[in-house]
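Structural overview for review
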Amino acid sequence: MSINVNVLSDTALEAAVAAAKGHAKDMKAYLEQRAIIFAEGAAALVKDRLSGAIDDSDVRFAWEEIQAAEESARLAIKVTAKAALQDAINGALAVVKGAVNQAVGIKLI
(Lines give C-alpha, C1' and ligand atoms only; values in the text may rest on other atoms or scores of the structure.)
Protein backbone atom coordinates (compact mmCIF):
# COMPACT_ATOMS: atom_id res chain seq x y z
CA MET A 1 0.00 0.00 0.00
CA SER A 2 1.33 3.44 -0.85
CA ILE A 3 0.68 6.84 0.68
CA ASN A 4 -1.16 9.55 -1.22
CA VAL A 5 0.80 12.62 -0.13
CA ASN A 6 -1.95 15.09 -1.04
CA VAL A 7 -4.65 13.24 0.87
CA LEU A 8 -2.41 12.58 3.85
CA SER A 9 -1.24 16.19 4.06
CA ASP A 10 -4.85 17.40 3.92
CA THR A 11 -5.88 14.94 6.63
CA ALA A 12 -2.89 15.88 8.80
CA LEU A 13 -3.75 19.57 8.39
CA GLU A 14 -7.37 18.91 9.40
CA ALA A 15 -6.16 17.09 12.52
CA ALA A 16 -3.76 19.92 13.35
CA VAL A 17 -6.43 22.58 12.99
CA ALA A 18 -8.91 20.58 15.06
CA ALA A 19 -6.34 20.12 17.82
CA ALA A 20 -5.59 23.85 17.96
CA LYS A 21 -9.22 25.02 17.89
CA GLY A 22 -9.80 24.56 21.61
CA HIS A 23 -7.00 26.98 22.34
CA ALA A 24 -8.38 29.45 19.81
CA LYS A 25 -11.74 29.47 21.60
CA ASP A 26 -10.02 30.17 24.91
CA MET A 27 -7.94 32.97 23.42
CA LYS A 28 -10.91 34.53 21.69
CA ALA A 29 -12.94 34.70 24.90
CA TYR A 30 -9.99 36.19 26.79
CA LEU A 31 -9.23 38.75 24.08
CA GLU A 32 -12.88 39.76 23.81
CA GLN A 33 -12.84 40.65 27.51
CA ARG A 34 -9.55 42.53 27.17
CA ALA A 35 -10.93 44.51 24.22
CA ILE A 36 -13.93 45.59 26.31
CA ILE A 37 -11.64 46.67 29.15
CA PHE A 38 -9.41 48.61 26.72
CA ALA A 39 -12.39 50.37 25.16
CA GLU A 40 -13.88 51.27 28.54
CA GLY A 41 -10.52 52.58 29.72
CA ALA A 42 -10.06 54.63 26.57
CA ALA A 43 -13.54 56.09 26.92
CA ALA A 44 -12.83 57.08 30.52
CA LEU A 45 -9.51 58.69 29.57
CA VAL A 46 -11.12 60.69 26.78
CA LYS A 47 -14.03 61.76 28.99
CA ASP A 48 -11.71 62.89 31.78
CA ARG A 49 -9.35 64.66 29.35
CA LEU A 50 -12.17 66.49 27.58
CA SER A 51 -13.74 67.54 30.88
CA GLY A 52 -10.41 68.87 32.10
CA ALA A 53 -10.23 66.41 34.99
CA ILE A 54 -6.85 65.22 33.69
CA ASP A 55 -4.25 66.78 31.41
CA ASP A 56 -2.18 65.41 28.52
CA SER A 57 0.56 64.08 30.76
CA ASP A 58 -2.00 62.22 32.86
CA VAL A 59 -3.39 60.56 29.72
CA ARG A 60 0.10 59.55 28.57
CA PHE A 61 0.96 58.20 32.02
CA ALA A 62 -2.28 56.20 32.21
CA TRP A 63 -1.65 54.78 28.74
CA GLU A 64 1.87 53.69 29.70
CA GLU A 65 0.49 52.01 32.81
CA ILE A 66 -2.14 50.17 30.78
CA GLN A 67 0.51 48.92 28.37
CA ALA A 68 2.80 47.80 31.20
CA ALA A 69 -0.06 45.99 32.93
CA GLU A 70 -0.76 44.02 29.76
CA GLU A 71 2.75 42.54 29.61
CA SER A 72 1.65 39.51 31.65
CA ALA A 73 -1.27 39.05 29.26
CA ARG A 74 1.14 39.04 26.33
CA LEU A 75 3.14 36.30 28.01
CA ALA A 76 0.00 34.26 28.68
CA ILE A 77 -1.03 34.56 25.04
CA LYS A 78 2.42 33.43 23.90
CA VAL A 79 2.21 30.37 26.14
CA THR A 80 -1.27 29.52 24.87
CA ALA A 81 -0.14 29.95 21.27
CA LYS A 82 2.80 27.61 21.87
CA ALA A 83 0.49 25.02 23.45
CA ALA A 84 -1.90 25.29 20.50
CA LEU A 85 0.96 24.80 18.06
CA GLN A 86 2.26 21.79 19.97
CA ASP A 87 -1.19 20.20 20.02
CA ALA A 88 -1.57 20.91 16.30
CA ILE A 89 1.80 19.31 15.50
CA ASN A 90 1.02 16.29 17.65
CA GLY A 91 -2.34 15.88 15.91
CA ALA A 92 -0.76 16.00 12.47
CA LEU A 93 2.02 13.60 13.46
CA ALA A 94 -0.52 11.12 14.86
CA VAL A 95 -2.34 11.06 11.53
CA VAL A 96 0.88 10.53 9.58
CA LYS A 97 2.04 7.82 11.99
CA GLY A 98 -1.23 5.99 11.57
CA ALA A 99 -0.95 6.22 7.78
CA VAL A 100 2.60 4.84 7.82
CA ASN A 101 1.64 1.94 10.08
CA GLN A 102 -1.40 1.15 7.92
CA ALA A 103 0.62 1.36 4.70
CA VAL A 104 3.30 -1.10 5.90
CA GLY A 105 0.75 -3.36 7.55
CA ILE A 106 2.30 -3.36 11.04
CA LYS A 107 2.71 -1.00 13.97
CA LEU A 108 6.15 0.18 12.88
CA ILE A 109 6.24 3.66 14.42
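Residues numbered from 1 in each chain as written. Predicted model: local features only at pLDDT ≥ 70, side-chain atom pairs only at ≥ 80, totals over all residues. Heavy atoms only, no water.

Side note on helix 1 (residues 5-51)
What counts, and what does not: Helix and strand assignments come from DSSP, with helices taken as H or I runs of at least 4 residues and strands as E runs of at least 2, each series counted from the N terminus. Every helix has an expected span of 1.5 Å times one less than the residues it contains. Each residue is placed in one exposure class: buried if its accessible area under a 1.4 Å probe, protein chains only, is under 20% of its type's maximum, exposed if it is over 50%, and partly exposed if it falls in between. Contact between two residues is taken to exist if any of their heavy atoms lie within 4.5 Å; hydrogens are not considered. Residues adjacent in sequence count toward polar contacts only when both atoms are side-chain atoms; beyond that, a polar contact is any pair of N or O atoms within 3.5 Å, and within protein one must be able to donate a hydrogen and the other to accept it.
With 47 residues, helix 1 extends 65 Å from end C-alpha to end C-alpha; this agrees with the ideal 69 Å at 1.5 Å per step. Among all positions in helix 1, only L8, A12, A15, A16, A20, H23, M27, R34 and L45 are buried. Residues of helix 1 that are buried in the fold lie against helix 2 (56-69) and helix 3 (71-104). A distance of 3.0 Å separates the backbone nitrogen of N6 from a side-chain oxygen at the start of helix 1, and that oxygen is part of N4. In the stretch just after helix 1, G52 is the one whose phi turns positive, near 85°.

Let's talk about the confidence of the model for the chain
Cut-off, in case you're wondering: You can read pLDDT as the predictor saying how much it trusts each residue, on a scale of 0 to 100.
In the predicted model, the chain carries a mean pLDDT of 93, and 100% of its residues have values of at least 70. At the low end of the mean pLDDT range in the chain sits helix 1, at 92; at the high end sits helix 2, at 94.

Side note on the packing of helix 2 against helix 3
We apply this condition: Axis definition: a line fitted to C-alpha atoms, limited for helices to the stretch in contact. Angles are taken between N-to-C directions and run from 0 to 180 degrees. In what follows, roughly perpendicular refers to angles from 65 to 115 degrees, roughly parallel to angles under 35, roughly antiparallel to angles over 145, and oblique to any angle outside these ranges. Residue type decides the class: Asp, Glu, Lys and Arg count as charged, Ala, Val, Leu, Ile, Met, Phe, Trp, Tyr, Cys and Pro as nonpolar, and the leftover types, Gly among them, as polar.
In contact at an axis separation of 4 Å, helix 2 and helix 3 are set at 30° when each is read in the N-to-C sense. Considered as vectors, helix 2 and helix 3 are oriented roughly parallel to each other. Contact residues: helix 2 offers Q67, A68 and A69, while helix 3 offers E71, S72 and R74. Partitioning the contact of helix 2 with helix 3 into residue classes produces two nonpolar, two polar and two charged.

Points about a nonpolar patch on the surface
Stated precisely, the cut-off is as follows: Excluding any residue in a salt bridge, patches collect residues exceeding 30% relative accessible area, merging like charges within 9 Å and nonpolar Val, Leu, Ile, Met, Phe, Trp and Tyr side chains within 5 Å. Residue burial considers only the protein chains on display, and all accessible areas are found by Shrake-Rupley using a 1.4 Å probe. What counts as a salt bridge is simple: a side-chain nitrogen of Lys or Arg found within 4 Å of a carboxyl oxygen of Asp or Glu.
A cluster of nonpolar residues, V104, I106, L108 and I109, forms a patch on the protein surface that exposes about 380 Å² of accessible area. The topology assignment puts V104 in helix 3. The exposure class of V104 is partly exposed, given its relative accessible area of 45%.

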